[in-house]
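Observations on chain architecture
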Amino acid sequence: MNIFFLRLLFLMGGTIVGYNFSGIYLNSSGLFGALTGLSAALCIMLLEMGMRRVSVRGLSSAVFGLILGLIMAKLVVDAFSIAPLAPEQVSLARVLLTSIFCYLGMLIGLRGKDEFNVIIPYVRLRRQDYSEGINVLDTSVIIDGRIIDIYKTNFLTGRLVIPRFVLRELQQIADSTDSVRRQRGKRGLEILHNLQKNAAGDISISEEEIPEVPEVDAKLVKLAKLLEAKILTVDFNLNRVASLDGIKVLNINELANALKPVVFPGEIMQIKLIKEGKEHNQAVGYLEDGTMVVVEDARKFIGQELKVIVTSVLQTQAGRMIFTRTDR
């Protein structure tokens, strides 16, 4: 049953209740009662639509604060009842204190919702020896696309979570007037579709909006803290920021660099030279995994395939570079 039919049934129920209530208890026109019931149902429905941005975590925190406020009000009112006060004064104190403590409790609950780890909707009942991992995907790793191949290898454990604000950013990129950005956005949406088919029940959408944080990267870090999750990314800057905040980051570029074949000085390899290097008389070629190979004194061999001897290997944040000389 979708939301539309549920709302339709609610409107019909409100109309019937209003009709019966007016006829039995108010002795008024049934039409007036039906219209009153329909209007009340519409008002409740509009209120429900306006609460779309209210998260389950925020709502449960407010309820938790309300319960604490009621308990505190009960204790304080019981203390007042011991004093020699008139019943009217005790009743007035009960109303005032209950209102004040309930308001303060809900306000404190909403402000400190990130610290309420015992709220019922977020208690995870699981075995002591079992740990469910959560991996939050950012926009860059979705557009990159290698996440699908990594997921198929079963090296990636736990659930994949895609925040709603990441989906919105991806949609904005796909609707961009710039053709390159638009193509990247469409690619990301297509990858998400394929990932959903492969991941089945292991992928979900997080509706947590975190409205107090405007930037998407900051929202990701905040959400990862709330869910005690890892962030999947290829964004170097996000990697640094999340690591500083104590968030575990799975950077696919770092994984790709770690999986590249290891070469040692003195090793001989076959390479096809494609273009000139930055320095004088250098030539550049690439291995199958994209690793750049710089060959000294080989400019005249551009376009040819030749044997080279490894002299050194340089590991950078952007990847690995292999420096070689010709075997001639």
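Residues numbered from 1 in each chain as written. Predicted model: local features only at pLDDT ≥ 70, side-chain atom pairs only at ≥ 80, totals over all residues. Heavy atoms only, no water.

The subject of this paragraph is the sheet that holds strand β3 (residues 203-206). If you walk across this open sheet you meet the 5 strands as β3-β2-β1-β4-β5, and the pairing is parallel. Strands with a single pairing partner mark the edges of an open sheet, and in this sheet they are β3 and β5 (249-251). Taking the axes of each pair of neighbouring strands and ignoring which way they run, one obtains an average angle of 30° across the sheet. Pairing geometry for strand β1 (residues 134-137) and strand β4 (residues 230-233), over 3 bridges, is parallel. Within β4, the position partnered with Val-136 by the bridge is Ile-231. On the sheet, helix α7 (residues 164-174) packs against β1, β2 (159-163) and β3 and is oriented at approximately 60° with respect to β2. (Pairing = 2+ DSSP bridges. Helix = DSSP H or I, 4+ residues; strand = E, 2+ residues; numbered from the N terminus. Axes fitted to C-alpha atoms, helices over the stretch in contact; angles between N-to-C directions. Contact = heavy atoms within 4.5 Å.)

All right, on to the pattern of salt bridges then. Scanning the model with the defined rule gives 4 salt bridges in all. In this structure, Asp-78 and Lys-74 form a salt bridge, with 3.5 Å as the shortest nitrogen-oxygen distance. Here Lys-74 and Asp-78 lie together in helix α3 (residues 56-82), a separation of 4 residues that amounts to about one turn. For Glu-207, the salt bridge identified is with Arg-164, shortest N-O distance 2.5 Å. Note that Glu-207 is positioned in the loop between β3 and α9 (216-227) and Arg-164 in helix α7, a separation of 43 residues in sequence. Residue classification places Glu-207 among the partly exposed residues on the basis of a relative accessible area of 46%. (Salt bridge = Lys/Arg side-chain N within 4 Å of Asp/Glu carboxyl O. Buried < 20%, exposed > 50% of the residue type's maximum accessible area, 1.4 Å probe, protein only.)

Turning next to the nonpolar core. Ranked by internal contacts, the top residues of the largest apolar core, which has 41 residues, are Leu-137, Ile-142, Ile-147, Leu-160, Ile-162, Leu-220 and Ile-231. Apart from the residues lying within four places of it in its own chain, the contact partners of Leu-160 are Asn-135, Leu-137, Tyr-151, Leu-195, Asp-202, Ile-203, Ser-204 and Leu-232. (Core = buried A, V, L, I, M, F, W, Y, C linked by side-chain atoms within 4.5 Å.)

On to the packing of α7 against α9. Between α7 and α9, whose axes approach to 10 Å, the crossing angle comes to 155°. In this view, α7 runs roughly antiparallel relative to α9, as classed from their interaxial angle. Helix-helix and strand crossings are classified by hand; for α7 and α9 the assignment is left-handed. Contact residues: Phe-165, Val-166 and Glu-169 in α7; Val-216, Lys-219, Leu-220 and Leu-223 in α9. In terms of residue class, the contact of α7 with α9 is made up of 5 nonpolar, no polar and 2 charged. (Parallel < 35°, antiparallel > 145°, perpendicular 65-115°, else oblique. Left-handed = near helix turned anticlockwise from the far one by under 90°. Nonpolar A, V, L, I, M, F, W, Y, C, P; charged D, E, K, R; others polar.)

Turning our eyes to something else, we now look at the packing of aromatic side chains. The full count for this structure, using the stated rule, is 0 aromatic pairs. Lying over the aromatic face of Phe-165, Lys-219 brings its terminal NZ or CZ to 5.6 Å of the ring centre. (Phe/Tyr/Trp six-rings, centres within 6.5 Å; stacked < 30°, edge-to-face > 60°. Lys NZ or Arg CZ within 6 Å of the ring centre and 35° of its normal.)

With that settled, consider the confidence of the model for the protein. Here the protein averages 81 in pLDDT, and 85% of its residues register 70 or above. Taken as a whole, residues 117-131 scores under 50 in pLDDT and shows 14 contacts with residues more than four places along the chain or in a different chain. (pLDDT = per-residue confidence, 0-100.)

On the basis of which strands lie adjacent, the closed barrel formed by 5 strands has the order β6-β7-β8-β10-β9 and mixed pairing. Pairs of neighbouring strands in the sheet enclose a mean axial angle of 50°, with direction left out of account. Pairing geometry for strand β7 (residues 283-286) and strand β8 (residues 292-296), over 4 bridges, is antiparallel. When the bridges of β8 are listed, Gly-285 appears paired with Val-293.

Bridge count for strand β6 (residues 268-276) against strand β9 (residues 305-315) is 5 bridges, and the pairing is antiparallel. Paired with Ile-268 across the two strands is Ile-309, which belongs to β9. As defined by bridge partners, β6 adjoins β7 across 3 bridges and the pair is classed as antiparallel. Its bridge partner being in β7, Glu-276 is matched across the sheet by Ala-283. What sits between β6 and β7 in their antiparallel hairpin is a turn of 6 residues, with Asn-281 showing a positive phi close to 70°.

Okay, a nonpolar patch on the surface next. Among the surface-exposed residues, Leu-59, Val-63, Ile-67, Leu-68, Ile-71, Met-72 and Leu-75 lie close enough to one another that they form a single nonpolar patch of about 610 Å² accessible area. In this structure, Leu-68 sits in helix α3. Owing to a relative accessible area of 41%, Leu-68 belongs among the partly exposed residues under this scheme. (Patch = residues over 30% accessible without salt bridge, like charges linked within 9 Å, V, L, I, M, F, W, Y side chains within 5 Å. Areas by Shrake-Rupley, 256 points an atom, 1.4 Å probe, with all protein chains shown as cover.)

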